[in-house]
Amino acid sequence: MSNWELLVKYLRFSLSEPCRFWVQVEGRASRCMLDGSVPICCGCWCEELGSGLYVVACDKLKEVARGLPYAVQTGFDDVDLTLRGGLAPPVHVALLGDSRGAELVLKCLLIDALGKGYMCVQMVLGEPRVPVDAGEGFLLGDLGSFYDVNFNVHLQVEEVARLERSSLERGFQGLLVVFDNSSYLRSRRHAVRPFLFEERMEKTKLRRTICICMYDGGAVSELNRHLIMENHSLVLHVDEPLKIKVLKTKWPSRTLSVTQ
């Protein structure tokens, strides 16, 4: 499948419309919303070579298209483009904000990850907030045991590494593991173990793991918010009505807010 076919199929580009990241001010292009640079494409994201043959004219979109089949997508096209196709390992994500919106985004991520061959593990207290009926590729873990029994942060990271090895041995593409830290912090006030673990995880960067840590935005203190921004390579914030802001990425990028 060609680059332009990937962009049309996965990110709903249209051959009859200009590039979705071409911004016009008073009739002229001002910048590319993909990375904030001044565009030179004038809105033409692909060129026709012949009958039914096209080539992607933008090098940035070529890079996005090459990673699409392996990236786990949020379901928000513009956000996934800003993330260069979606979430691809190794990445350490903080998902903040309104609980209902964050749960919807997480469900989209889990369903897409399972469809692309990832083993998915939800670490929860009690019943999962985001139930997914997915067979053997979907597992539940006890978040209380993870933090309280494996009290040493090195043991916690080694447990995630074990899950990654297990996923590869079972023939999966990799591992997507979710930590519902909101529920843990609600039940254990002034807990610091999630933040100590995440600091270590950010330094480890397991090669085939997507790690997602969930927080309710209203329950996060300013100090904890600072730790979250420091200890994750990617921070997403979900507001009502359903809007996603990319607060931090591991590469230079403009903050983006979109509504779907």
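As a reminder, the structure under discussion sits directly above these lines.
A brief structural summary.

Reading the values: the criteria
- Residues numbered from 1 in each chain as written.
- Predicted model: local features only at pLDDT ≥ 70, side-chain atom pairs only at ≥ 80, totals over all residues.
- Heavy atoms only, no water.
- Salt bridge = Lys/Arg side-chain N within 4 Å of Asp/Glu carboxyl O.
- Helix = DSSP H or I, 4+ residues; strand = E, 2+ residues; numbered from the N terminus.
- Buried < 20%, exposed > 50% of the residue type's maximum accessible area, 1.4 Å probe, protein only.
- Phe/Tyr/Trp six-rings, centres within 6.5 Å; stacked < 30°, edge-to-face > 60°.

### Quick look at the pattern of salt bridges
Link 1 in the chain: In total, this model carries 16 salt bridges according to the counting rule given.
Link 2 in the chain: For the salt bridge of Asp216 with Arg129, the shortest nitrogen-to-oxygen distance reads 3.7 Å. In this pair, Asp216 sits in the loop between strand E9 (209-214) and helix H9 (222-230) while Arg129 sits in the loop between strand E6 (118-124) and strand E7 (138-142), placing the two residues 87 residues apart along the sequence.
Link 3 in the chain: Owing to a relative accessible area of 17%, Asp216 belongs among the buried residues under this scheme.
Link 4 in the chain: Judged by its relative accessible area of 23%, Arg129 falls in the partly exposed class.
Link 5 in the chain: Overlapping salt bridges bring together Glu103, Arg129, Asp180, Arg186 and Asp216 as one network.

### Here we look at the packing of aromatic side chains
Link 1 in the chain: According to the stated counting rule, one finds 10 aromatic pairs in the structure shown.
Link 2 in the chain: With centroids separated by 6.1 Å and ring planes inclined at 70°, the aromatic side chains of Tyr147 and Phe197 adopt a geometry described as edge-to-face. Here Tyr147 is found in helix H5 (residues 143-148), whereas its partner Phe197 is found in helix H8 (residues 193-204), with 50 residues between them in sequence. The two residues Tyr147 and Phe197 agree in class, both being buried.
Link 3 in the chain: With a centroid separation of 5.0 Å and 55° between ring planes, the pair formed by Phe179 and Phe197 is classed as tilted. With Phe179 in strand E8 (residues 174-179) and Phe197 in helix H8, the pair connects residues that are 18 residues apart, well separated along the chain.

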